[in-house]
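# A closer look at the structure
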Amino acid sequence: MTTLPLEDYNIYVGDCWEAFNGFLADSHYSKVFVIVDENTEQLCLPKLKAHCPTLLEAQLIRVTAGEQHKNIESCQHIWSTMMAAKADRKALTVNLGGGVIGDMGGFCASTFKRGMDFVQVPTTLLSQVDASIGGKLGIDFADVKNSVGLFANPKAVFVLPNFLETLSARELRSGFAEIIKHALIADHRQWMSLLQEEDLQQIAWEQVIVHSLGIKQRVVEEDPFERGLRKALNFGHTIGHAVESQALHSDDPLLHGEAIAVGMVAELFLSHKVLGLPLEKVQQATDYLLTHYGRRRIDLSNPALLLSLMRNDKKNEGGKINFSLLPELGQVQVNQTCEEALILESLNFYQDSCHQPTNAR
């Protein structure tokens, strides 16, 4: 087990059941809630109960899986269940699931009666390397991702890589996008190492997760409330979130990491145009992303909608669409703005790249 100490809490990675049981024994909570969806209830909850007997008496709160359910209606269900159970501020919420449950469960716990404690037990690769650190909580509103929320830290995070065995190959790839992002913005050596990874099933996940969390930990500790450097973590997300939101109600919705892969390709192009990232490096990273994430056609029939979604991004300032872009692979510059015509050109670059053969890496 590896322990990553943050200022207010610890992240435990690996075989951390003993640490989890110790936390529960020392805390003496008045009541414990465990938030699950239909997937984590079936695949992950039995392991949790088998290793943590204290949780056999915890009250389950069931929500429906999927980003489209990360909304105020689901929050009302969670709050109503807590209220009916006469929960007080000395209760604990255990969020057993991916980013949706972590974001929404933490948001509900932090706002119920002005705040109860919560812990994160992320079960997807995406949540283990991204949503498990940083204290950003929230829900989607008016088709804008994470537009209602707050900053609040968990009491602890328990990352168990064994839960990755419950994931489909598609879900595993989705989470891998955030690992790629961390390397592209902050660690060229790690990027060169990832270039050699072709079969995600063969990766030693604990080591990779710890390394990726270490990158995010450094950024978050320097800028906990996203006023400067932390915006670096937005690489690929300005465009990616817009594409994800647009596809959410379509017949072919994208997983978060799939949308961020689209966003990274487009924003690599913007990095070339705005900061001079060499074109051969744009192509290298683009080929790698397309190899792992395929060639997903995106709907460019309504560019005004995509731009509108980008303008609603909470990181924008002064009416300008804000990007974090790469002057070099492994480096990042925040607070970069682009003309709307160039943003649309970057989306066409992604679309055109989908029709080109990838180069040998």
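Residues numbered from 1 in each chain as written. Predicted model: local features only at pLDDT ≥ 70, side-chain atom pairs only at ≥ 80, totals over all residues. Heavy atoms only, no water.

## Considering the layout of surface pockets
What counts, and what does not: Computed over the protein atoms alone on a 1 Å grid, cavities are sets of points where a 1.4 Å probe fits but cannot get out and pockets are open sets with protein on both sides within 12 Å along at least five of seven lines; a residue lines them when it has an atom within 4 Å of a point. Grid points are joined across faces, edges and corners, and a volume is the space filled by probe spheres set on the points. Polar here means any residue other than Ala, Val, Leu, Ile, Met, Phe, Trp, Tyr, Cys and Pro, which are nonpolar, and Asp, Glu, Lys and Arg, which are charged; Gly is therefore polar.
Size it by volume and the second largest pocket reaches roughly 260 Å³. In terms of lining, the second largest pocket is formed by 13 residues, of which the most central are Glu7, Asp8, Asn153, Val220 and Pro224. The residue inventory of the lining of the second largest pocket, partitioned by class, reads seven nonpolar, two polar and four charged.

## Some points on empty space enclosed by the protein
The cut-off we apply is this: The helix count covers DSSP runs of H or I at least four residues long, the strand count covers runs of E at least two residues long, and both are numbered beginning at the N terminus.
Following the criterion strictly, the structure yields four cavities of 30 Å³ or more and no others. Of the voids in this model, the largest cavity is the one considered here, and its volume is about 110 Å³. Around the largest cavity, the lining is made up of twelve residues, and of these Val144, Lys145, His241, Leu309 and Asp313 lie nearest the centre. Of all elements in the fold, only strand S8 (144–151), helix H10 (237–247) and helix H13 (303–311) reach the threshold of two or more residues within the lining of the largest cavity. Per-element tally for the lining of the largest cavity: the top contributor is H10, with four residues.

## Description of the pairing of strand S2 (residues 10–13)
Stated precisely, the cut-off is as follows: At least two bridges found by DSSP between two strands is the condition for calling them paired.
Relative to S2, strand S1 (residues 2–5) is paired through four bridges, and the arrangement is antiparallel. Residue pairing in the sheet places Thr3 in a bridge with Tyr12 of S2. The turn joining S1 and S2, which pair antiparallel and follow one another in sequence, is formed by four residues. Sheet topology note: the S2/strand S9 (residues 156–159) ladder contains four bridges and is parallel. Across the sheet, Asn10 pairs through a bridge with Ala156, a residue of S9.

## Re helix H4 (residues 72–84)
Keep this limit in mind: Helices are assigned an expected span. That span is 1.5 Å times one less than the residue count. Only protein chains enter the accessibility calculation, which uses a 1.4 Å probe; a residue whose area is less than 20% of its type maximum is buried, one above 50% is exposed, and one in between is partly exposed. Taking the helix axis as origin, the arc is that swept by the directions to the C-beta atoms. Contacts are assigned to residue pairs with any non-hydrogen atoms lying within 4.5 Å of each other. In protein, a polar contact means a hydrogen-donor-capable atom and an acceptor-capable atom, both N or O and within 3.5 Å, with residues adjacent in sequence counting only if both atoms are side-chain atoms; elsewhere, any N or O pair within 3.5 Å suffices.
The terminal C-alpha atoms of H4 lie 18 Å apart, and with 13 residues this matches the ideal 18 Å at 1.5 Å per residue to within 8%. Every buried residue belonging to H4 is among Ser74, Cys75, Ile78, Thr81 and Met82, and all of these are buried. Along the axis of H4, the buried positions cluster into a sector of 125 degrees, meaning they face one direction only. Those residues of H4 that are exposed and angled more than 90 degrees off the buried face are Met83 and Ala84. Looking at the buried residues of H4, the elements they touch are strand S3 (32–36), strand S4 (59–62), strand S5 (92–97), helix H5 (99–111) and strand S7 (136–141). At the N-terminal end of H4, a side-chain oxygen is found 3.3 Å from the backbone nitrogen of Glu73, two or three residues along, and the residue is Asn71. Count one or two residues on from H4 and you reach Lys86, which has phi positive near 60 degrees.

## A few points about the sheet that holds S4
What counts, and what does not: Between N-to-C directions, angles span 0 to 180 degrees; the directions come from axes that are lines fitted to C-alpha atoms, helices contributing only their stretch in contact.
Spatially, seven strands are ordered S1-S2-S9-S6-S5-S3-S4 in an open sheet, and the strand pairing comes out mixed. A single partner strand is all that each edge strand has here, and the edge strands are S1 and S4. Neighbour to neighbour, the strand axes of the sheet diverge by 20 degrees on average, direction disregarded. Here H5 sits on the sheet and contacts S3, S5 and strand S6 (117–122); the angle it forms with S5, its principal contact strand, is near 170 degrees.

## Some words on the pattern of salt bridges
So the rule is basically this: Salt bridges are defined as contacts in which a side-chain nitrogen from Lys or Arg sits within 4 Å of a carboxyl oxygen from Asp or Glu.
Tallied over the entire structure, the rule returns twelve salt bridges. As a salt-bridge pair, Arg296 and Asp252 come within 2.9 Å of each other at their nearest N and O atoms. Taken together, the residues Arg296 in the loop between helix H12 (279–293) and H13 and Asp252 in the loop between H10 and helix H11 (256–275) connect sequence positions 44 residues apart. Judged by relative accessible area, Arg296 falls into the buried class, the value being 19%.

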